[in-house]
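Topology and contacts: notes
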Amino acid sequence: MKKLSLVLYPLLLAGLLLAPFLGAYPVFVMKLLCFALFAAAFNLLLGFAGLLSFGHAAFLGCSAYVAGQAMKAWGLTPELGLVAGTLTGALLGWVFGSLAIRRQGIYFAMITLALAQMMFFVALQARFTGGEDGLQGVPRGKLFGLVDLSDDLSMYYVALAVCVLAFLLIVRTVHSPFGQVLKGIKENEPRALSLGYDVSRFKLLAFVISAALSGLAGSLKTLVLGFATLSDVHWTASGQVVLMTLVGGLGTLSGPLVGSAVVVLLENKLGEFGSLLARLTSIEWFNTLGESVTMVTGLIFVVCVLAFRKGIMGEVVAFMARRRP
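In short, a report on the structure. What you see is a predicted model; the values in this text were computed from it and never measured. (Residues numbered from 1 in each chain as written. Predicted model: local features only at pLDDT ≥ 70, side-chain atom pairs only at ≥ 80, totals over all residues. Heavy atoms only, no water.)

Scanning the chain for helices and strands turns up 13 helices and two strands. For 325 residues, the compact-globule formula gives about 20 Å, and the C-alpha radius of gyration of the chain, at 20 Å, lands near that figure. The dimensions of the chain, computed from C-alpha atoms along their principal axes, are 60 × 50 × 35 Å. With the model as given, the accessible surface of the chain reaches about 16,100 Å², and the carbon-plus-sulfur share is 68%. One finds the centroid of the 23 positive side-chain charges in the chain at a distance of 13 Å from the centroid of its 15 negative side-chain charges. (Helix = DSSP H or I, 4+ residues; strand = E, 2+ residues; numbered from the N terminus. Rg over C-alpha atoms; globule rule 2.2 N^0.38 Å. Areas by Shrake-Rupley, 256 points an atom, 1.4 Å probe, with all protein chains shown as cover. Lys, Arg positive; Asp, Glu negative; His and termini not counted. Charge placed at Lys NZ, Arg CZ, Asp CG, Glu CD.)

Next comes the structure, spelled out in structure tokens:
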């Protein structure tokens, strides 16, 4: 798998570098990259530390609002806006984690969900967020005063660079001694305690790193799209990232990338696919597929749970392991 990764990851990077010249819409690919980073950050917590959070939308959404407000109202440059959003995610992660890691299992998940819902109502009532209208008109500005991000192509390569660096940070974290301790805690927490590791401190640090990277994803999304809305901080965004991770492959580095691509493509391209099927088969019902995204996504999730328990990439890894002589 290591040899395969050395081939596939460069091919993926090359494809992303050439995507704008191959007819891909840069803004759509940037949106996909943001969700891929969000899913990879969540997978660091659930897939490698074994902590199921239902409140990750709070880090994505609140950081998106703070970064947008910093760039729109405070006049900060794009790089400082991204830093402000990332720090917001890290701070919220520290607060949430300090409260949630006192419990385990479903109680941990419910605490994160309750705290995230509190942040949703704060975003709904706060004046600067725009309420149901969202925070709009966020300028892209110039990166370091040199690169004009109003050009979609320039913005695309900046977003790609940010996501690649963040993904490399996740890879380095997973393969570091810290990452190995996280895996040990996930597999057998009492054993890790008996070996003298401060399990609570490791869990909290993993939670903060995951929240910070989720905040970076939310901040980058606001910079790309120029707005932040309540959907970014709603509980459905937390459910969406869980779905992305499980469909792609829990505990695999490439799984969240594949899962986010599947979910985002379904949400944005299902209507076009349905229209194509309607033309090919003359069945008018396929034209309504675009209105049934939730149903189709749920069906795919059920199929993955029943037939691909390890997710798409998890099954690929297992298949390669079985083929190994």
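Having seen the model, we can carry on.
We now examine the packing of aromatic side chains. In the structure shown here, the tally under the stated rule is nine aromatic pairs. Consider the rings of Tyr65 and Phe128, whose centres lie 6.5 Å apart with planes at 85°: the pair is edge-to-face. Taken together, the residues Tyr65 in helix H3 (residues 56–72) and Phe128 in the loop between helix H5 (105–125) and strand S1 (142–143) connect sequence positions 63 residues apart. Between Phe178 and Phe202, the aromatic rings sit 5.7 Å apart at their centres with planes inclined by 20°, giving stacked as the arrangement. Of this pair, Phe178 sits in helix H7 (residues 177–187) while Phe202 sits in helix H9 (residues 199–225), and the two are 24 residues apart along the sequence. What makes Phe202 buried here is its relative accessible area of 12%. (Phe/Tyr/Trp six-rings, centres within 6.5 Å; stacked < 30°, edge-to-face > 60°. Buried < 20%, exposed > 50% of the residue type's maximum accessible area, 1.4 Å probe, protein only.)

Further remarks concern the pattern of salt bridges. This structure, assessed with the given rule, holds four salt bridges. In this structure, Glu189 engages Lys203 in a salt bridge whose closest nitrogen and oxygen atoms are separated by 3.0 Å. Of the two residues, Glu189 sits in helix H8 (residues 189–194) while Lys203 sits in helix H9, which places them 14 residues apart along the sequence. Asp232 serves as the salt-bridge partner of Lys221, at 2.7 Å between the closest nitrogen and oxygen. Of this pair, Lys221 sits in helix H9 while Asp232 sits in the loop between H9 and helix H10 (235–248), placing them 11 residues apart in sequence. Owing to a relative accessible area of 8%, Lys221 belongs among the buried residues under this scheme. Assessed through its relative accessible area of 5%, Asp232 is described here as buried. (Salt bridge = Lys/Arg side-chain N within 4 Å of Asp/Glu carboxyl O.)

Turning our attention to the packing of helix H2 (residues 26–49) against H3. Taken N-terminus to C-terminus, the directions of H2 and H3 make an angle of 140°; their axes are 11 Å apart at the nearest point. Considering the angle they form, H2 stands oblique to H3. Between H2 and H3 the crossing geometry is right-handed. Residues Phe38, Phe42 and Leu45 of H2 lie in contact with H3, whose contacting residues are His56, Ala57 and Leu60. (Axes fitted to C-alpha atoms, helices over the stretch in contact; angles between N-to-C directions. Parallel < 35°, antiparallel > 145°, perpendicular 65-115°, else oblique. Left-handed = near helix turned anticlockwise from the far one by under 90°. Contact = heavy atoms within 4.5 Å.)

A few words on the packing of H7 against H9. The contact between H7 and H9 brings their axes to 10 Å, and the two run at 115°. With respect to H9, the element H7 is oriented roughly perpendicular. The element H7 and its partner H9 pack so that their crossing is left-handed. Each of Phe178, Val181, Leu182 and Ile185 in H7 lies in contact with H9, whose residues at this interface are Val199, Phe202, Lys203, Leu205, Ala206 and Ile209. A breakdown of the residues in the contact of H7 with H9 according to their chemical character gives nine nonpolar, no polar and one charged. (Nonpolar A, V, L, I, M, F, W, Y, C, P; charged D, E, K, R; others polar.)

Take H10 next. Compared with the 20 Å implied by 1.5 Å per residue over 14 residues, the 20 Å span of H10 between its first and last C-alpha is a close match. With 10 of 14 residues buried, H10 lies mostly within the body of the structure. Looking only at H10, the buried set comprises Ala237, Ser238, Gln240, Val241, Val242, Leu243, Met244, Thr245, Val247 and Gly248. Those residues of H10 hidden inside the fold are in contact with H2, H3, helix H11 (255–281), helix H12 (293–307) and helix H13 (311–323). Residue Gly249 follows H10 closely and has a positive phi angle near 135°. (Expected span 1.5 Å × (residues − 1).)

Below, the discussion takes up the side chain of Asn43. With respect to the helices and strands, the residue Asn43 is situated in helix H2. Relative accessible area serves as the criterion here: at 2%, Asn43 is assigned to the buried category. Within polar-contact distance, the side chain of Asn43 engages the backbone nitrogen of Gly251 at 3.0 Å. Apart from residues lying up to four places away in sequence, Asn43 is in contact with Phe48, Thr245, Gly249, Leu250, Gly251, Thr252 and Pro256. (Polar contact = N/O pair within 3.5 Å; in protein donor to acceptor, adjacent residues only side chain to side chain.)

Let's shift gears to H11. With 27 residues, H11 extends just 33 Å between its outermost C-alpha atoms, more than 12% less than the 39 Å of an ideal straight helix rising 1.5 Å per residue. The largest bend along H11 reaches roughly 60° and is located at Lys269. Remark: Ser282 follows H11 within two positions and exhibits a positive phi of approximately 65°. (Bend = angle between axes of the 7 residues up to and from the residue.)

Where nonpolar side chains cluster on the molecular surface, the patch consists of Leu13, Leu17, Leu18, Phe21, Leu22 and Leu153 and spans about 570 Å² of accessible area. It is helix H1 (residues 2–18) that contributes the most residues to the nonpolar patch, three residues altogether. As for its placement among the helices and strands, Leu17 is situated in helix H1. Under the relative-accessibility criterion, Leu17 is labelled partly exposed at 37%. (Patch = residues over 30% accessible without salt bridge, like charges linked within 9 Å, V, L, I, M, F, W, Y side chains within 5 Å.)

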